[in-house]
Amino acid sequence: MIEIKNLVKSYGSKKAVDNLSLTIEPGKIYGFLGPNGAGKSTTMNIMTGYLGATSGTVLINGHDIFAEPEEAKKCIGYLPEIPPLYLDMTVEEYLSFVAELKKIPKKDRARNLRESMVMTQTFDVKDRLIRNLSKGYKQRVGFAQAIIGYPDIIILDEPTVGLDPHQIIEIRDLIKSLGEKHTVILSSHILTEISAVCDHVFIISNGKLVASDSTEHLLKSTQKDQAHEIDLVFKGEQEHCIEVLQNVEGVDSAEVVSEENDEFAVRVTATGDVDVREAIFYACADAKMPILEMHSLTKSLEDVFLELTGNETADPSAERKELRDKIQFGFDVEIETNRDEQDDLEGGNQS
């Protein structure tokens, strides 16, 4: 579906993308993770043809994005971090304009527009000016323009940034529904979002690919051969409890980490590939020590992310350059923060 080989994008001496190679197969939802300035958005902009590359190749369904841009772009629907909206158009006018730009045959446009609006739940606001919509609805209109023409690949750059929790849940559900018919590539800083919707994760650090796997396998591989920790809460005598736990086969250590009233919490460390929970249960039962709580401490995607990216910090100049390129190569994006705020205060007037 998408094949990236030895991709490099340099801004002077700074490499935003550094010899990146990866393959994206059809029928999955992929997550792009990385700190600010790691090269995620730059890579997406190159994949969509919005940016050129210093070197390397990007093949979209066999079409080189640099040599055959028109054919390659037909396969892609793209929602940038800043949605490419014309605020003085109604939703329907804007989507009709996008359909014309994408050269959707006239006989198919009405059906295509209606289906994209129904899928993104924007049909009920189709006659309203985009400027008078809430941020959540503006984001939905951005989704609608990305899926017009039924492209094989949908690329979403930070699609939930700035949305409230209810809107985020709605957008996640929309992404999952898109994944049923399209290959979706999603960039996000919200790791729970990646865990919730993505089948496969790419982690990029300093422009390089540092991990590529399913979320489940990624977590398992980073935990392999590492110490396994279990937290337990007991009632009884602490010294006797620690002695019993330390005599369980596979347990390396046991220590009290907190206590309250007549209850205390113990953290047990065991060999990475040994599950000692059952042995602990029977040992404590024989010793007449009631276990009030027991749960394993496992790594989250956030732990893996921090481990793989280290203390990398963003390069502000590269990040500003990346934002300028987004605006330059996308649709003409109109940024009217003060005016939008005033419109919101005045109320959602219809056209």
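Note: the structure precedes this text.
The model shown is predicted, which means the values in this text are computed figures rather than measured ones.

Draft legend 1. Focus on the packing of helix H3 (residues 91–101) against helix H5 (residues 135–147). Across the interface, H3 lies against H5 with an axial gap of 9 Å and an inter-helix angle of 25°. Considering their axes alone, H3 and H5 lie roughly parallel with respect to each other. Considering only the axes of H3 and H5, their crossing is right-handed. Every residue of H5 that contacts H3 at Val91, Tyr94, Leu95 and Val98 is listed here: Val141, Ala144 and Gln145.

Draft legend 2. Main features of the sheet that holds strand E10 (residues 208–213). The 6 strands are arranged E6-E7-E8-E3-E9-E10 in an open sheet whose pairing can be described as mixed. Two strands in the sheet have a free side with no partner beyond their single neighbour: strand E6 (76–79) and E10. When the angles between neighbouring strand axes are averaged without regard to direction, this sheet yields 15°. Here strand E3 (residues 29–33) runs beside strand E9 (residues 200–205); their pairing, made up of 4 bridges, is parallel. Across the sheet, Gly31 pairs through a bridge with Val201, a residue of E9. Packed onto the sheet, helix H6 (residues 165–178) meets E3, strand E7 (153–157) and strand E8 (183–187) and runs at close to 145° relative to E8.

Draft legend 3. Up close: the sheet that holds strand E4 (residues 55–60). In space, the 4 strands of this open sheet follow the order E2-E1-E4-E5, with antiparallel pairing throughout. Of all strands in the sheet, those bounded by a partner on one side alone are strand E2 (14–24) and strand E5 (63–64). Alignment of strand E1 (residues 2–11) against E4, held across 5 bridges, turns out to be antiparallel. Residue pairing for E4: Lys5 is matched across the bridge by Thr57.

Conventions used here
- Residues numbered from 1 in each chain as written.
- Predicted model: local features only at pLDDT ≥ 70, side-chain atom pairs only at ≥ 80, totals over all residues.
- Heavy atoms only, no water.
- Axes fitted to C-alpha atoms, helices over the stretch in contact; angles between N-to-C directions.
- Helix = DSSP H or I, 4+ residues; strand = E, 2+ residues; numbered from the N terminus.
- Parallel < 35°, antiparallel > 145°, perpendicular 65-115°, else oblique.
- Left-handed = near helix turned anticlockwise from the far one by under 90°.
- Contact = heavy atoms within 4.5 Å.
- Pairing = 2+ DSSP bridges.

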